[in-house]
Amino acid sequence: MKLKEIAIGYIDIPLVTPFKTALRTVNSVNDLIVKVTAEDGTEGYGEAPPTAVITGDTKESIEAAIRYYIAPTIKGMDLEDLPAIMQKLEKCLAKNTTAKAAVDIALYDLYAKLQKKPLFRLLGEKEPELVKTKLETDLTISVNETEEMVRDSLLAVEKGFHVLKVKVGKGGAKDVERIREIRNAVGKDIVIRVDANQGWTREEAVSTITAMEDAGLGIELVEQPVSYHDFKGMQYVTAQVETPILADESVFSYEDAVRLMEEKGADLINIKLMKTGGIHEAVRICDAADQFGVKCMIGCMLESKVSVSAGVHLAAARSCVTMADLDGPSLCRIDPYEGGPVYEGPHIFLKEDNGIGITGVPVKFETI
Ligand SMILES: C[C@H](N)C(=O)N[C@H](CCC(=O)O)C(=O)O
Ligand SMILES: [Mg+2]
């Protein structure tokens, strides 16, 4: 069966509240959606969020990569030979991981549908007895003035979330105050993970995390304390503090992940499909994490339910994935799609529908 057609369109979904990190502020999810169609009319969907501050990929660069490089390279290829398509996708242009991820996800969705299997069952064939059918995601608390963050944290707990991913990285001493006040408000049973999004220097990271430890704030982990450039800084912070360090912006590829695990640049890895260029490379990172005995998070950018669902399927399929930061759909004001994993507060339920499970995508597509 050949890949007959590739089409693109856009979705624009307002957020419940502005999303604020040490790197950016965003008010809506404005993403490119990809549709791939097989000769028999079966369709697969993918999504590309332009997260320029992390991946370097903009709306314009994503569209150009798919329109002028990826689509002409893979159109007409044999869908039964997915590895061959993935190799062409990887090699037709360097970097551009977001555009590659959107197409990779759409192809996996289509491939699993043609195999008549849910994607998580297909990806979980290595260890079928360990496949999960239910996940729990955290909810992100944007970085703001402390009072607002406390209010948002209490609201999240009221909605049933047990794990908060609190954005910091805007002044070490202020960050300790933010976490202290949130801990006082939510109590000791709520899990707090902290994401600095590269906002600290090495020294600031160590003093800030140590202050949180000394104050007994019970932090589960700290994500990406220093710049993604600063590998030695990641090693330094990981060695100096007790709290586990999770690498996010430092790890895009399999090679990044292996170096980090070999050279102790972090204790844990946040795998995001938009950094890896899709499921294909993310699976390789999971295989490496299995070998090193390192636990992973599957995370997302600010994305809606098409691509986040692909992350959900991968998280369900692999036992090295013990943490989910897959709250994109929870941050959106509406869910415009039909089908896909079911979100109920913090819980995500996998269904046995073929592929990713998304059936209705309200987007005006242009065939390219
Ligand atoms: C949305 C997710 N919970 C998250 O916080 N992801 C960020 C990057 C999001 C973005 O800027 O689009 C992260 O883990 O750093
Ligand atoms: Mg992060």
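Note that the coordinates shown come from a computational prediction; the quantities given were computed from them, not determined experimentally.

Draft legend 1. Representation of the overall build of the chain within the structure. When helices and strands are tallied, the chain shows 14 helices and 17 strands. Taking 368 residues into account, the globule formula puts the C-alpha radius of gyration at 21 Å, and the chain, at 20 Å, falls close to it. Taken along its principal axes, the extent of the C-alpha atoms in the chain is 60 × 40 × 40 Å. Per-residue burial for the chain yields a buried fraction of 51% across its 368 residues. Look at the contacts in the chain between residues 6 or more apart in sequence, and 73% of them connect residues 24 or more apart.

Draft legend 2. A look at the site of ligand 1. Close contacts around ligand 1 come from 16 residues, with Thr 51, Thr 140, Met 301, Leu 302 and Asp 325 the closest. Residue composition of the shell around ligand 1, by class: four nonpolar, six polar and six charged. Looking at which domains feed residues into the shell around ligand 1, each of domain 1 (3-116 + 361-367) and domain 2 (122-360) supplies at least three.

Draft legend 3. Fine view of the nonpolar core. Counting residues in hydrophobic clusters, the biggest one holds 114 residues, and the most contacted among them are Val 34, Ile 269 and Cys 296. It is helix α4 (residues 97-114) that provides the largest number of residues to this core, a total of 11 residues. Apart from the residues within four sequence positions on either side, Ile 269 is in contact with Ala 247, Val 251, Ala 257, Leu 260, Ile 285, Ala 289, Val 294 and Cys 296.

Draft legend 4. Here's a closer look at the environment of Ala 324. For Ala 324, the location among the structural elements is in strand β12 (residues 321-325). Of the residues examined, Ala 324 has 23 C-beta atoms within 10 Å and is grouped as buried.

Draft legend 5. Region of the structure containing the pairing of strand β7 (residues 191-195). Where burial is concerned, most of β7 is hidden: four out of the five residues are buried. Where strand β6 (residues 163-167) meets β7, five bridges bridge the pair, whose relative direction is parallel. The residue of β7 that forms the bridge with Leu 164 is Ile 192. Crossover connection from β6 via helix α7 (residues 172-186) to parallel β7: handedness right-handed. Of the strand pairs in this sheet, β7 and strand β8 (residues 219-223) are connected by three bridges, and their pairing is parallel. Among the inter-strand pairings, Ile 192 is bridged to a residue of β8, identified as Ile 219.

Draft legend 6. Seen up close, the UniProt feature "active site" (unreviewed entry) in the chain. Under the UniProt annotation, the feature "active site" (unreviewed entry) is placed at Lys 167 and Lys 272. Within the secondary structure, Lys 167 is located in strand β6. In this structure Lys 167 comes out as buried when scored by C-beta crowding, with 24 C-beta atoms within 10 Å. When neighbours within four sequence positions are excluded, Lys 167 is seen to be in contact with Lys 20, Thr 21, Ala 22, Thr 140, Ile 141, Ser 142, Val 143, Asp 195 and Asn 197. Mapped onto the fold, Lys 272 is located in strand β10 (residues 268-272). Given 26 C-beta atoms within 10 Å, Lys 272 falls into the buried group. Among residues more than four places away in sequence, those in contact with Lys 272 are Gly 299, Cys 300 and Met 301.

Parameters and conventions
Residues numbered from 1 in each chain as written. Chains lettered and ligands numbered in written order. Predicted model: local features only at pLDDT ≥ 70, side-chain atom pairs only at ≥ 80, totals over all residues. Helix = DSSP H or I, 4+ residues; strand = E, 2+ residues; numbered from the N terminus. Rg over C-alpha atoms; globule rule 2.2 N^0.38 Å. Buried ≥ 20, exposed ≤ 12 C-beta atoms within 10 Å, placed from the backbone. Contact = placed C-beta atoms within 7 Å. Near = placed C-beta within 6 Å. Nonpolar A, V, L, I, M, F, W, Y, C, P; charged D, E, K, R; others polar. Domains from an automatic or database assignment. Core = buried A, V, L, I, M, F, W, Y, C linked by C-beta atoms within 7 Å. Pairing = 2+ DSSP bridges. Right-handed = clockwise from strand over helix to strand, strands pointing away. UniProt positions renumbered as here; feature names shortened; annotations may be inferred.

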